[in-house]
Amino acid sequence: MDALSSSFISSTSAFSSQNLPIISLHSPKPNNSTHTLISSVRIEDKPSSSTTTTTRTTVKTTPTSPPRRPNSSSSSSSSSSLVRQRRPNPPTLPGALFNALDDIINNFIDPPLRPSVDPKRVLSDNFAPVIDELPPTKCLIEKGRLPSCLDGAYIRNGPNPQFLPRGPYHLFDGDGMLHCLRISHSGKSATLTSRYVHTYKYDIERRAGHPLIPNVFSGFNGLTASAARGALSAARIFAGHFNPANGFGLANTSLASFGDRLYALGESDLPYEVRVTSNGDIQTVGRQDFDGKLFMSMTAHPKLDPDTGETFAFRYGPVPPFLTYFRFDRSGEKQPDVPIFSMTSPSFLHDFAITKKYAIFTEIQIGMKPMEMIGGGSPVGSDPSKVSRVGVIPRYAKDESEMRWFEVPGFNIMHAINAWDEDDAVVMVAPNILSVEHTMERMELVHGLVEKLRIDLNTGIVSRHPMSASNLDFAVINPAFLGKKNKYVYAAVGDPMPKISGVVKLDVSSGRERRECEVARRMYGPGCYGGEPFFVAKENPVEEDDGYLVSYVHDERSGESRFLVIDAKSPQLQIVASVKLPRRVPYGFHGLFVRESDLQKQL
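By the naming in an unreviewed UniProt entry, the protein chain goes by Carotenoid oxygenase and is assigned to Trema orientale. For the protein chain, the Sequence similarities (unreviewed entry) comment in UniProt is given as "Belongs to the carotenoid oxygenase family."

So this is what it looks like as structure tokens:
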């Protein structure tokens, strides 16, 4: 599972190296009842041993003047001077008082007792954050040769808290960090950079030297904890410590490239535009509201039509309309909202799918559960009595008058793989999350069963066909086939989730028995775990699978991380190249490959 950061959750919260981490955060044994709490430990930036010179342009966000993309002549400062400028300021008397109250909440009112929010467990092994940012650093191509079609940048997003947690911490709560491998000179050169996304939350907390905004997923469990943290946040706002109008999201989930711009995304806020420089560094340009046309938040999984250049997206929230659909034209100009009032209750809508004719949404069994807070639980949980629905709307609809909903009991998806039109029907392929009640608390018990769902729009008949019995998620396709009928799916193997032990290739073009849909598999080996694969097509592909799968993989035995290139067409998913990275890359969420030609458009 990746970060389910949502406008739904964030709205509720608004109201109510170095190869090793700085300290050991390994899990205690199950029968150990002693809990060691971590309080206010700063992950300090340390000078890099690299001699590479880096530059960064920062854009300050204000509620009345959203940042605009600077031109190439904009002034910039070195990363070392940036660190000096952002040394923590001495706390004021109110600040010291608020921090003391925060410690009381974290240690006595709501200590991290549940495994899902215990930082000693959550931030163990390669889930632990890296200590500091990494400027552009040369990498060793230790095996094979990087194909020339990989000239560009592979960027992976994920949580990397800049402060070790003072109290409860969920895997989805960390500040966004981008790990970018810049490949150039026909695959002969590779450079790794790791930079935080400079969200408003990240910047103000870095200047303060301690957390100011409570964690979304771990900070509001139970009425007492929610009331205490809500009151503390209100006091900080009143004292001018932060302004919620500037956003409080993490931008830690995914990336998207459209309208000749590159964005870091998280559902609890607006997109943050970022830029990859010619030397492989990453700059945060700023929080973007698209000339005031985008409100509050946007999905972390927009869909780019490779034929039209349009991008389709949505947002969801805790008050009607619970779902709002919209799109961007080829130039990146946002088009008018289409509110969907026929969704009658707030539900998690982490992802969706498009075809050439339709947009497809799923109303799943995870939603708002306020009564759970009375017993100290999360305000978000599963509702076993709810019947999941799939909604289909023409993708150029101007209103919801043509929206149709179809009941699909037990169909709960977090990620959609692809969808297409088929006669008078729509077909969607997605991992159906079994045991959905464990999604937030016990991810290791979640099993993703890839299914093909077909809805006959004339008769309303819904049919489902399982594609694989394996525990699969984080699945991708050749991006050129998005919204069109495709044959191959490449999915990550949960061992168990959220750890990824390998990748499989599925043939979803027919209705064969599920044991026959898996046509290839590559496991990373003992102690080695990766993440979501990404498909990069060759320069002149002839068939759909003419290309490569790329991903970061970490060896927990040696502590080393690598960038692997896998031949997507080979029967055994052969590894054709390996790049040894200069330091470990923590496990994360979603990635994106941007070709050199597209990077040049964004400079």
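That was the structure; now back to the text.
Membership of the largest hydrophobic core comes to 45 residues, with the highest contact counts inside it found for Leu-146, Leu-150, Ile-155, Leu-181, Phe-563 and Leu-581. Setting aside residues no more than four positions away along its own chain, Phe-563 makes contact with Leu-146, Tyr-154, Leu-181, Ile-183, Val-550, Ser-551, Tyr-552, Ala-577, Ser-578, Val-579 and Leu-581. By size, the runner-up hydrophobic cluster in this structure holds 26 residues, among which are Val-338, Ile-354, Ile-364 and Val-446.

Bringing the sheet that holds strand 37 (residues 591-595) into the picture now. The antiparallel open sheet is built from 5 strands, whose spatial order is 4-9-8-6-37. Only two strands of the sheet have a single neighbouring strand rather than two, namely strand 4 (134-138) and strand 37. Here the average twist between neighbouring strands, direction ignored, is 15°. As defined by bridge partners, strand 4 adjoins strand 9 (residues 189-196) across 3 bridges and the pair is classed as antiparallel. By the bridge assignment for strand 9, Thr-137 is matched with Leu-192.

Glancing now at the layout of surface pockets. Rolled over the atoms, a probe sized like a water molecule indicates the empty space that remains. Of the pockets and cavities examined, the largest pocket occupies roughly 1,400 Å³. Ser-257, Leu-304, Pro-479, Phe-534 and Leu-592 are, among the 46 residues lining the largest pocket, the residues nearest its centre. Sorting the residues of the lining of the largest pocket by element identifies strand 10 (254-258), strand 14 (303-304), strand 28 (472-476), strand 33 (534-537), strand 37 and helix 8 (596-602) as the ones contributing at least two each. A class-by-class count of the residues in the lining of the largest pocket yields 24 nonpolar, 11 polar and 11 charged.

With that settled, consider helix 6 (residues 223-238). Between the first and last C-alpha of helix 6 there are 22 Å, a value that for 16 residues agrees with the 22 Å anticipated at 1.5 Å per step. Of all the positions in helix 6, only Ala-225, Ser-226, Ala-228, Arg-229, Gly-230, Leu-232, Ser-233 and Arg-236 are classed as buried. Buried residues in helix 6 make contact with helix 3 (93-109).

Across a sheet, strands are paired by hydrogen bonds formed along the backbone, either parallel or antiparallel in direction. Sheet architecture is open: 4 strands sit in the order 28-29-30-31, paired in antiparallel fashion. Each edge of the open sheet is held by one strand with a lone partner, namely strand 28 and strand 31 (518-523). Direction aside, the axes of adjacent strands within the sheet are offset by 25° on average. In this sheet, strand 31 lies alongside strand 30 (residues 500-507) in antiparallel orientation, the contact comprising 5 bridges. By the bridge assignment for strand 31, Val-503 is matched with Arg-522.

Summarising the model, the protein chain shows a mean pLDDT of 85, and 82% of its residues fall at 70 or more. Considering only residues more than four positions removed or in separate chains, one finds that residues 1-86, a stretch of pLDDT under 50, has 222 contacts.

This model, assessed by the stated rule, comprises 39 salt bridges. Of the charged contacts in the structure, one is a salt bridge between Arg-229 and Asp-110, with a shortest N-O distance of 2.7 Å. With Arg-229 in helix 6 and Asp-110 in the loop between helix 3 and helix 4 (119-122), this pair connects stretches of sequence that are 119 residues apart. Comparing Arg-229 with Asp-110, the two get one shared label, buried.

Glancing now at the pairing of strand 22 (residues 389-394). Most of strand 22 sits inside the fold, with 6 of its 6 residues counted as buried. Burial along strand 22 is two-sided: the face carrying Arg-389, Gly-391 and Ile-393 and the face carrying Val-390, Val-392 and Pro-394 are both buried. As paired elements, strand 19 (residues 358-363) and strand 22 share 6 bridges and run antiparallel to each other. The residue of strand 22 that forms the bridge with Thr-362 is Val-390. As paired elements, strand 22 and strand 23 (residues 404-407) share 4 bridges and run antiparallel to each other. Bridge pairing in strand 23 links Val-390 to Phe-406.

Bringing the UniProt feature "binding site: Fe cation" (unreviewed entry) in the protein chain into the picture now. Per the UniProt record, "binding site: Fe cation" (unreviewed entry) is annotated on His-301, His-350, His-415 and His-590. In sequence the annotated residues extend across 290 residues, while in space they remain close, none of their C-alpha pairs exceeding 12.9 Å. Set against the largest pocket, the annotated residues that line it come down to His-301, His-415 and His-590. At 3.1 Å, the side chain of His-301 and the side chain of His-350 are in polar contact. Locating His-350 in the fold gives a position in the loop between strand 17 (338-340) and strand 18 (353-354). Among the polar contacts made by the side chain of His-350, one reaches the side chain of Glu-267 at a distance of 2.4 Å.

Each pair of aromatic rings is reported with the distance of its centres and the angle of its planes. Here the structure, examined in full by the defined rule, presents 22 aromatic pairs. The interplanar angle of 10° and the centroid separation of 6.2 Å between the aromatic rings of Phe-258 and Phe-290 together place this pair among those described as stacked. Of this pair, Phe-258 sits in strand 10 while Phe-290 sits in the loop between strand 13 (282-287) and strand 14, and the two are 32 residues apart along the sequence. Given the relative accessible area of 4%, Phe-258 is considered buried. The exposure class of Phe-290 is buried, given its relative accessible area of 11%. Ring geometry for Phe-326 against Phe-328: centres 5.8 Å apart, planes inclined by 80°, an arrangement best described as edge-to-face. Taken individually, Phe-326 and Phe-328 each receive the classification buried, so the pair is uniform in this respect. Chaining the aromatic ring pairs together yields one cluster made of Phe-314, Tyr-316, Tyr-325, Phe-348, Phe-352 and Phe-361. The ring of Phe-326 has Lys-334 lying over it, and the distance from NZ or CZ to the ring centre is 4.7 Å. Over the ring of Tyr-488 we find Lys-505; its NZ or CZ atom is 4.3 Å from the centre of that ring.

What counts and what doesn't
- Residues numbered from 1 in each chain as written.
- Predicted model: local features only at pLDDT ≥ 70, side-chain atom pairs only at ≥ 80, totals over all residues.
- Heavy atoms only, no water.
- UniProt positions renumbered as here; feature names shortened; annotations may be inferred.
- Core = buried A, V, L, I, M, F, W, Y, C linked by side-chain atoms within 4.5 Å.
- Buried < 20%, exposed > 50% of the residue type's maximum accessible area, 1.4 Å probe, protein only.
- Contact = heavy atoms within 4.5 Å.
- Pairing = 2+ DSSP bridges.
- Helix = DSSP H or I, 4+ residues; strand = E, 2+ residues; numbered from the N terminus.
- Axes fitted to C-alpha atoms, helices over the stretch in contact; angles between N-to-C directions.
- 1 Å grid on protein atoms, 1.4 Å probe; cavity = no way out; pocket = protein on both sides within 12 Å on 5 of 7 lines; lining within 4 Å.
- Points joined across faces, edges and corners; volume = space filled by probe spheres on them.
- Nonpolar A, V, L, I, M, F, W, Y, C, P; charged D, E, K, R; others polar.
- Expected span 1.5 Å × (residues − 1).
- pLDDT = per-residue confidence, 0-100.
- Salt bridge = Lys/Arg side-chain N within 4 Å of Asp/Glu carboxyl O.
- Polar contact = N/O pair within 3.5 Å; in protein donor to acceptor, adjacent residues only side chain to side chain.
- Phe/Tyr/Trp six-rings, centres within 6.5 Å; stacked < 30°, edge-to-face > 60°.
- Lys NZ or Arg CZ within 6 Å of the ring centre and 35° of its normal.

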